[in-house]
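So you can see what is in the structure, the chains are spelled out below.
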Amino acid sequence: PPGSTFPIASAVEVPAGRALVFVSGTVPPVVDEKAERGSLAAYGDTRTQTQGVLKAIERQLQSQGLGLGDVVKMQVFLVGDPAKGGKMDFDGFMAAYREFYGTATQPNLPARSVMQVAGLVVPGWLVEIEVIAAR
């Protein structure tokens, strides 16, 4: 929003003649191979998971000739973190998000929604993100 330093766009317009690329929900990679399969320890906290998911999305976009700056819409699904009393770790998410968006090297901001969900397919996943990019 005008005058805000919060790193999202209140609206994004896609110019005529652009193609939209829809990236399916992306989930975190395993960060600790020694941890129990499917556990929270295997995937890390919300910040770690968000970093892994955004890196994976970046790779998916690059395979399509696009980058994170081409993302016009992002939907984020966060599971309540047991370490936070079952509340989503929005601060942890934002810490990782700010590493990828609103930076000097990548200033483009998507329209974005963040919501807490009851759970994802794997018990250790705290983060799933889907995006729409414009070519």
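You'll find the structure just up there.
Scope of this entry: the structure provided in the associated data block. (Residues numbered from 1 in each chain as written. Predicted model: local features only at pLDDT ≥ 70, side-chain atom pairs only at ≥ 80, totals over all residues. Heavy atoms only, no water.)

1. As for the sheet that holds strand 1 (residues 20-26)
Turning to step 1, where the next piece is worked out: Read from one edge of the open sheet, four strands run 1-4-2-3, paired in mixed fashion. Two strands in the sheet have a free side with no partner beyond their single neighbour: strand 1 and strand 3 (111-117). In this sheet, neighbouring strand axes are inclined to one another by 10° on average, regardless of whether the strands run parallel or antiparallel.
Turning to step 2, where the next piece is worked out: Pairing geometry for strand 2 (residues 71-79) and strand 3, over seven bridges, is parallel. Within strand 3, the residue paired with Gln75 across the bridge is Ser113. (Pairing = 2+ DSSP bridges. Helix = DSSP H or I, 4+ residues; strand = E, 2+ residues; numbered from the N terminus. Axes fitted to C-alpha atoms, helices over the stretch in contact; angles between N-to-C directions.)

2. Details of helix 3 (residues 90-100)
Since the α-helix packs 3.6 residues into each turn, any two residues three or four apart lie on the same face.
Turning to step 1, where the next piece is worked out: Every buried residue of helix 3 is listed here: Gly92, Phe93, Met94, Ala96, Tyr97 and Phe100.
Turning to step 2, where the next piece is worked out: The inward-facing, buried residues of helix 3 contact helix 2 (46-63), strand 2, strand 3 and strand 4 (127-134).
Turning to step 3, where the next piece is worked out: Remark: Gly102 follows helix 3 within two positions and exhibits a positive phi of approximately 75°. (Buried < 20%, exposed > 50% of the residue type's maximum accessible area, 1.4 Å probe, protein only. Contact = heavy atoms within 4.5 Å.)

3. Section: the packing of aromatic side chains
Turning to step 1, where the next piece is worked out: Scanning the entire structure with this criterion turns up five aromatic pairs.
Turning to step 2, where the next piece is worked out: For the ring pair Phe93 and Tyr97, a centre distance of 5.6 Å and an interplane angle of 35° mean the geometry is tilted. Here Tyr97 and Phe93 lie together in helix 3, a separation of four residues that amounts to about one turn. We note that Phe93, like Tyr97, is buried.
Turning to step 3, where the next piece is worked out: Seen in terms of ring centroids, Tyr97 and Tyr101 are 5.0 Å apart; in terms of plane orientation they differ by 20°. Their pairing is stacked.
Turning to step 4, where the next piece is worked out: For Tyr101, a relative accessible area of 1% corresponds to the buried category.
Turning to step 5, where the next piece is worked out: Three or more aromatic residues joined by ring pairs form one cluster here, namely Phe6, Phe90, Phe93, Tyr97 and Tyr101.
Turning to step 6, where the next piece is worked out: Above the ring of Tyr97, the side-chain terminus of Arg112 is found at 4.5 Å from the ring centroid. (Phe/Tyr/Trp six-rings, centres within 6.5 Å; stacked < 30°, edge-to-face > 60°. Lys NZ or Arg CZ within 6 Å of the ring centre and 35° of its normal.)

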